[in-house]
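The residues making up each chain are set out below.
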Amino acid sequence: MNRRSFLALSTAVVLTACAEPQYSNALGPDGKPLPKVYRIGAGATAKIQFRTLDSVNALRQAAGAPPLQLDARLTAAAATHARDMSVQNRPWHFGSDGSSPIDRVQRAGYQGRIVGENISETFESELETLGAWMEDEATRKVILDPSARDLGFAWHQESGGKIWWTLITGSPELSVIPGAAPAIPS
């Protein structure tokens, strides 16, 4: 092999190694494609939140429920919990300080009543996560509850790609009733 051929072949091998990884279309045991890591880019927050809000409102409209609006205080509570679930490395409704969803919403300054909270630990997009929530009766009820008027939606993505999603619905017309439990599916 002459020197030019060797250099060309070496260059091709190096460039191939630097190329984007190719994902296989491998299927899981359920016959569905294995998930790919969904990376959330910088500056995508508003786009993702409004895409989710639009999707939730379309689902609510089909179910005859009134539309939701994004609420900054519920979103702040959702963001706090998404980060905290990552720190705890477990998807559950209680904070590392023992706080409940009601506590977090009150700390964020929301004056209404929490209707429910949905959480997820996944590598999937917000719309795939919303689809999974709609497949489960308890989490679907949180999304479609006709008493809800406000939505908080946030996430935390770890460096490895895992995303911790939190969706909170609330109703400003209904005050918090001490001792009353909101719809918090497991």
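Up top you'll find the structure we're talking about.
Keep in mind that this is a model prediction, so the values were computed, not measured.

1. Here we look at the pairing of strand E4 (residues 163-171)
Point 1. Here E4 lies mainly inside the structure; nine of its nine residues are buried.
Point 2. Judged by which residues are buried, E4 turns out to be covered on both faces: Ile-163, Trp-165, Leu-167, Thr-169 and Ser-171 on one side and Trp-164, Thr-166, Ile-168 and Gly-170 on the other are all buried.
Point 3. Pairing of strand E2 (residues 113-122) with E4 involves nine bridges; the strand directions are antiparallel. Its bridge partner lying in E4, Thr-122 is registered against Ile-163.
Point 4. Note: strand E3 (residues 150-157) against E4, eight bridges, orientation antiparallel. Pairing of His-156 across the sheet is with Trp-164, part of E4.
Point 5. Between E3 and E4, which pair antiparallel and follow one another directly, the connecting turn spans five residues, one of which, Gly-161, has a positive phi of 105 degrees.

2. Considering the sheet that holds strand E1 (residues 69-70)
Point 1. Taken in spatial order, the four strands line up as E1-E3-E4-E2 in an open sheet, and their pairing is mixed. With partners counted over all chains shown, the strands left at the sheet margins are E1 and E2, one partner each.
Point 2. Both E1 and E3 contribute to a ladder of two bridges, which runs parallel. Among the inter-strand pairings, Leu-70 is bridged to a residue of E3, identified as Leu-151.
Point 3. Sheet strands touched by helix H6 (residues 137-144): E2 and E4. Its angle to E2, the strand with the most contacts, is close to 130 degrees.

3. As for the nonpolar core
Point 1. Among the nonpolar cores identified, the biggest contains 19 residues, and Trp-133, Ile-143, Phe-153, Trp-165 and Leu-167 are the most heavily contacted of them.
Point 2. Contributing elements (two or more residues each) for this core: helix H2 (45-62), helix H5 (126-135), H6, E3 and E4.
Point 3. Once residues within four sequence positions are removed from consideration, Trp-133 is found in contact with Asn-118, Ile-119, Ser-120, Thr-139, Arg-140, Ile-143, Phe-153, Trp-165 and Leu-167.
Point 4. Listed in part, the nine residues of the second largest apolar core include Leu-74, Ala-77, Val-105 and Tyr-110.

4. Looking at the packing of H5 against H6
Point 1. Where H5 contacts H6, the two axes come as close as 5 Å, and the packing angle between them is 110 degrees. Considering their axes alone, H5 and H6 lie roughly perpendicular with respect to each other. Contacts from Leu-130, Trp-133, Met-134 and Glu-135 in H5 reach Glu-137, Thr-139, Arg-140, Ile-143 and Leu-144 in H6.
Point 2. Its residues assigned to classes, the contact of H5 with H6 shows five nonpolar, one polar and three charged.

5. What about the packing of aromatic side chains?
Point 1. For the structure on display, the rule yields three aromatic pairs.
Point 2. When the ring of Phe-153 is compared with that of Trp-165, the centres are 5.5 Å apart and the planes differ by 15 degrees; the resulting orientation is stacked. Of this pair, Phe-153 sits in strand E3 while Trp-165 sits in strand E4, and the two are twelve residues apart along the sequence.
Point 3. Judged by its relative accessible area of 1%, Phe-153 is buried.
Point 4. Each member of the aromatic cluster is reached from another via a ring pair, and the members are Phe-153, Trp-155 and Trp-165.

6. Structural notes on the side chain of Asp-150
Point 1. Summarising the element assignment, Asp-150 is placed in strand E3.
Point 2. No salt bridge is formed by the buried Asp-150; the nearest opposite charge belongs to Arg-73, separated by 5.4 Å.
Point 3. Among the polar contacts made by the side chain of Asp-150, one reaches the side chain of Gln-69 at a distance of 3.1 Å.
Point 4. Setting aside anything within four residues of it in sequence, one finds Asp-150 in contact with Leu-68, Gln-69, Asp-71, Leu-74, Tyr-110, Ile-168, Thr-169, Gly-170 and Pro-172.

Rules used in this analysis
Residues numbered from 1 in each chain as written. Predicted model: local features only at pLDDT ≥ 70, side-chain atom pairs only at ≥ 80, totals over all residues. Heavy atoms only, no water. Buried < 20%, exposed > 50% of the residue type's maximum accessible area, 1.4 Å probe, protein only. Helix = DSSP H or I, 4+ residues; strand = E, 2+ residues; numbered from the N terminus. Pairing = 2+ DSSP bridges. Contact = heavy atoms within 4.5 Å. Axes fitted to C-alpha atoms, helices over the stretch in contact; angles between N-to-C directions. Core = buried A, V, L, I, M, F, W, Y, C linked by side-chain atoms within 4.5 Å. Parallel < 35°, antiparallel > 145°, perpendicular 65-115°, else oblique. Nonpolar A, V, L, I, M, F, W, Y, C, P; charged D, E, K, R; others polar. Phe/Tyr/Trp six-rings, centres within 6.5 Å; stacked < 30°, edge-to-face > 60°. Lys, Arg positive; Asp, Glu negative; His and termini not counted. Salt bridge = Lys/Arg side-chain N within 4 Å of Asp/Glu carboxyl O. Polar contact = N/O pair within 3.5 Å; in protein donor to acceptor, adjacent residues only side chain to side chain.

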